[in-house]
Amino acid sequence: MIFQSKALREGTLCGARTAGTRRTIRMDETDRTYMQAALEEASKAYAVGEVPIGAVVVHRGEIIGRGHNRRETWKDPTAHAEILAIQEACRRLGGWRLTESTLYVTIEPCAMCAGAIVLARIPRLVYGAKDPKAGAVDSVFDLVRRKELNHRVDVTSGVLEEECRAVIQRFFRELRSRD
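Conventions and cut-offs
- Residues numbered from 1 in each chain as written.
- Predicted model: local features only at pLDDT ≥ 70, side-chain atom pairs only at ≥ 80, totals over all residues.
- Heavy atoms only, no water.
- Helix = DSSP H or I, 4+ residues; strand = E, 2+ residues; numbered from the N terminus.
- Buried < 20%, exposed > 50% of the residue type's maximum accessible area, 1.4 Å probe, protein only.
- Polar contact = N/O pair within 3.5 Å; in protein donor to acceptor, adjacent residues only side chain to side chain.
- Pairing = 2+ DSSP bridges.
- Contact = heavy atoms within 4.5 Å.
- Salt bridge = Lys/Arg side-chain N within 4 Å of Asp/Glu carboxyl O.

Asker: Could you give an account of unusual backbone geometry, with specific residues and numbers?
Answerer: Positive phi, close to 50°, is recorded for Arg-60, a residue that is not glycine. Along the chain, Arg-60 falls in the loop between strand 3 (54–59) and strand 4 (62–68). Given the relative accessible area of 63%, Arg-60 is considered exposed. Unlike most non-glycine residues, Lys-75 shows phi in positive territory, near 55°. With respect to the element layout, Lys-75 can be found in the loop between helix 3 (71–74) and helix 4 (81–93).

Asker: Before we move on, could you go through the environment of Glu-100 and cite the residues and values that matter?
Answerer: Tracing the chain through its elements places Glu-100 in the loop between helix 4 and strand 5 (101–107). On the basis of relative accessible area, Glu-100 is assigned to the partly exposed category, the value being 48%. Separated by 2.8 Å, the side chains of Glu-100 and Arg-60 make a polar contact.

Asker: Please give an account of the pairing of strand 5 that cites residues and values.
Answerer: In terms of residue burial, strand 5 counts as a mostly covered element, since seven of its seven residues are buried. Where strand 3 and strand 5 come together, five bridges link them in antiparallel fashion. Its bridge partner lying in strand 5, Ala-55 is registered against Val-105. In the sheet, strand 5 pairs with strand 6 (residues 124–129) via five bridges, with the strands oriented parallel. Its bridge partner being in strand 6, Val-105 is matched across the sheet by Tyr-127.

Asker: So what's going on with helix 5 (residues 111–119)? Which residues, and what values?
Answerer: Along helix 5, the residues classified as buried are Cys-113, Ala-114, Ala-116, Ile-117 and Val-118. Along its buried surface, helix 5 packs onto helix 4, strand 5 and strand 6. Phi turns positive, to about 60°, at Arg-121, one or two residues after helix 5.

Asker: Pulling in residues and values, what's your account of the pattern of salt bridges?
Answerer: Under the counting rule described, the total for this entry stands at 11 salt bridges. Ionic pairing is found between Arg-66 and Glu-41, a salt bridge with its closest N-O pair at 3.8 Å. Here Arg-66, found in strand 4, pairs with Glu-41, found in helix 2 (residues 29–47); they are 25 residues apart in sequence, far enough to count as distant. Residue classification places Glu-41 among the buried residues on the basis of a relative accessible area of 3%. The partner of Arg-145 in a salt bridge is Asp-142, with the nearest N and O atoms 2.7 Å apart. The network of salt bridges with shared partners includes Glu-41, Lys-44 and Arg-66.

Asker: Let's hear about the side chain of Asp-31: which residues, and what values?
Answerer: Note on placement: Asp-31 falls in helix 2. Within the structure, the side chain of Asp-31 is placed 2.8 Å from the side chain of Arg-124, a separation counted as a polar contact. Beyond its immediate chain neighbours, meaning those up to four positions away, Asp-31 contacts Tyr-104, Arg-124, Val-126 and Val-159.

Asker: Describe the environment of Val-153, with residues and values.
Answerer: By secondary structure assignment, the location of Val-153 is in the loop between strand 6 and strand 7 (154–157). Val-153 sits in the buried class, given a relative accessible area of 2%. Between the alpha carbons of Val-153 and Ile-117 there is a distance of 8.1 Å; along the sequence they are 36 residues apart. Not counting the four nearest positions on each side in its chain, Val-153 is found in contact with Ile-117, Val-118, Ile-122, Pro-123, Arg-124, Leu-125, Val-144 and Arg-145.

Dropping the structure here:
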């Protein structure tokens, strides 16, 4: 299942959020490529009835961690896409510090995942769509750029936002129609 908008196909300008300021920029092709990989992970979650959120960790141009939600499947409230991608990346690198890495995730991270991003020392986060109910980067509060912490994260939001939002909205619309 591939989610791609007309804006992506044509490479048109889009709104993106970088380091807390809203500005219109041309999406970086690299960011689009890796966000597409995160969307592919979200499709895996969707296919098994999980909330379709996907994540990938990229280190020096290589995907070293992938994850998609598995909370229902594993009966584990911590089995979020970001956590699973971070865990795989740490295993691949043989350590817990993911410096020189970027985490791409389809939906704004929750408080648990934002905390894990900070603790893993990930320097950059790229996410697609906001989570107005649980987002802990821009929407509800900001855990990744707090000056009180010893590590802060550069944030880019809005990459393939339309596609990321569409897949999760479709999932919940279908879920509600079954009830």
